Amino acid sequence: EAGVTQFPSHSVIEKGQTVTLRCDPISGHDNLYWYRRVMGKEIKFLLHFVKESKQDESGMPNNRFLAERTGGTYSTLKVQPAELEDSGVYFCASSQTGYASGYTFGSGTRLTVV
Amino acid sequence: GNSVTQMEGPVTLSEEAFLTINCTYTATGYPSLFWYVQYPGEGLQLLLKATKADDKGSNKGFEATYRKETTSFHLEKGSVQVSDSAVYFCALSHNTDKLIFGTGTRLQVFP
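Residues numbered from 1 in each chain as written. Chains lettered and ligands numbered in written order. Predicted model: local features only at pLDDT ≥ 70, side-chain atom pairs only at ≥ 80, totals over all residues. Heavy atoms only, no water.

S.K.: Tell me about the packing of aromatic side chains, and name the residues and values.
M.R.: Evaluated as defined, the whole model comprises 14 aromatic pairs over all chains. On the basis of an interplanar angle of 25 degrees and a centroid distance of 4.4 Å, the ring pair of Tyr-33 of chain A and Tyr-103 of chain A is categorised as stacked. Taken together, the residues Tyr-33 of chain A in strand 4 (residues 31-37) and Tyr-103 of chain A in the loop between strand 9 (88-95) and strand 10 (104-105) connect sequence positions 70 residues apart. Under the relative-accessibility criterion, Tyr-103 of chain A is labelled buried at 7%. Ring centres of Phe-62 of chain B and Tyr-88 of chain B lie 5.6 Å apart, and the angle between their planes is 40 degrees; on these two criteria the pair is classed as tilted. With Phe-62 of chain B in strand 8 (residues 62-65) and Tyr-88 of chain B in strand 10 (residues 86-93), this pair connects stretches of sequence that are 26 residues apart. Here Phe-62 of chain B matches Tyr-88 of chain B in class, with each residue buried. (Phe/Tyr/Trp six-rings, centres within 6.5 Å; stacked < 30°, edge-to-face > 60°. Helix = DSSP H or I, 4+ residues; strand = E, 2+ residues; numbered from the N terminus. Buried < 20%, exposed > 50% of the residue type's maximum accessible area, 1.4 Å probe, protein only.)

Below is the structure:
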């Protein structure tokens, strides 16, 4: 089966611009998660979708971040306007079971804000 | 709150050397513990896991034992290869499907 796909793999944007990251989960996986790793620090949870609904968005850093999951399929994470501290690697994961041991991660999007 | 602390890297070893990457955690009760690995250009992959005290997770020659008394889950391998060069993340999950990660340890193995 196809894995979790993220694109773009890299994005370089200027401060104040908008960027949209996309994640295509494994087909049939209702659970979709976003995490990010900022500049060598720990990977932190951002939010969790169950189908098209936000189950937990407690990790979203501020209202410049907007996540959507249209029709319960792919998800987008928009950063608007981007700030320098948003630079990092954004990971998406999907799971059928909803248990942490059942995650499949994508290869991530490296975002650089200059 | 729950947290994971792992040794800073990079860890630089020669091929066939013994590897230990330390990981300790803070959590109430009995979390599930994981090691993830990220090879260059790839996504995070689950390397091994343990769900209760004294469990040993193992995969690809790597091992880690869940030690409740020391709240540790150190990763070990008896003989590393160049292909093991990657970033290793210790993580826990406790009463939720969210993962709490450590900061990651880069391992560099030279021939």
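Past the structure itself, the notes keep going.
S.K.: Would you mind going over the pattern of salt bridges in detail, with residue names and values included?
M.R.: Taken as a whole and judged by the stated rule, the model has 9 salt bridges over all chains. Between Asp-24 of chain A and Arg-22 of chain A there is a salt bridge whose closest N-O contact spans 2.7 Å. The class of Asp-24 of chain A is partly exposed, set by a relative accessible area of 22%. Using a relative accessible area of 25% as the deciding quantity, one classes Arg-22 of chain A as partly exposed. Residue Asp-56 of chain A pairs with Lys-98 of chain B through a salt bridge whose shortest N-O separation is 3.2 Å. Remark: Lys-98 of chain B occurs in the loop between strand 10 and strand 11 (100-101) and Asp-56 of chain A occurs in strand 6 (residues 53-56); the pair is interchain, linking two chains. (Salt bridge = Lys/Arg side-chain N within 4 Å of Asp/Glu carboxyl O.)

S.K.: How would you summarise the sheet that holds strand 9 (residues 75-77) of chain B if you had to cite specific residues and measurements?
M.R.: All names here are of chain B. Read across the open sheet, the 4 strands follow the order 3-9-8-7; overall the sheet is antiparallel. What marks the edges here is a single partner per strand, and that holds for strand 3 (19-21) and strand 7 (56-59). The average angle at which neighbouring strand axes cross in this sheet is 20 degrees, direction not considered. (Pairing = 2+ DSSP bridges. Axes fitted to C-alpha atoms, helices over the stretch in contact; angles between N-to-C directions.)

S.K.: Describe the pairing of strand 5 (residues 32-38) of chain B, with residues and values.
M.R.: All names here are of chain B. Counted residue by residue, strand 5 has 7 buried out of 7 residues, so it is predominantly covered. Here strand 5 shows no split at all, with Ser-32, Phe-34, Tyr-36 and Gln-38 on one side and Leu-33, Trp-35 and Val-37 on the other all buried. As paired elements, strand 5 and strand 10 share 7 bridges and run antiparallel to each other. Bridge pairing links Phe-34 to Ala-91 in strand 10. The pairing of strand 5 with strand 6 (residues 44-50) spans 6 bridges and is antiparallel.

S.K.: Hey, could you go over the nonpolar core for me, with residue numbers and the actual values?
M.R.: Among the nonpolar cores identified, the biggest contains 27 residues, and Leu-19, Trp-35, Leu-47, Leu-48, Phe-73, Leu-75 and Tyr-88 of chain B are the most heavily contacted of them. Listing elements by their share of this core, those giving two or more residues are strand 2 (11-14), strand 3, strand 4 (23-26), strand 5, strand 6, strand 8, strand 10 and strand 12 (105-110) of chain B. Ignoring anything within four residues of it in the chain, the contact list for Phe-73 of chain B reads Cys-23, Leu-33, Phe-34, Trp-35, Leu-48, Lys-49, Ala-50, Ala-64, Thr-65, Tyr-66 and Cys-90 of chain B. Listed in part, the 21 residues of the second largest apolar core include Met-60, Tyr-90, Cys-92 and Val-113 of chain A. (Core = buried A, V, L, I, M, F, W, Y, C linked by side-chain atoms within 4.5 Å. Contact = heavy atoms within 4.5 Å.)

S.K.: Let's hear about the sheet that holds strand 1 (residues 5-7) of chain A: which residues, and what values?
M.R.: The pairing of strands in a sheet comes from backbone hydrogen bonds and takes either a parallel or an antiparallel form. Residue and element names in this part refer to chain A. With antiparallel pairing, the 4 strands of this open sheet are ordered in space as 1-3-8-7. Of all strands in the sheet, those with a lone pairing partner are strand 1 and strand 7 (65-68), marking the two edges. For this sheet the average axis-to-axis angle between neighbouring strands, irrespective of direction, equals 15 degrees. Here 4 bridges tie strand 7 to strand 8 (residues 75-79), and the two strands are oriented antiparallel to one another.

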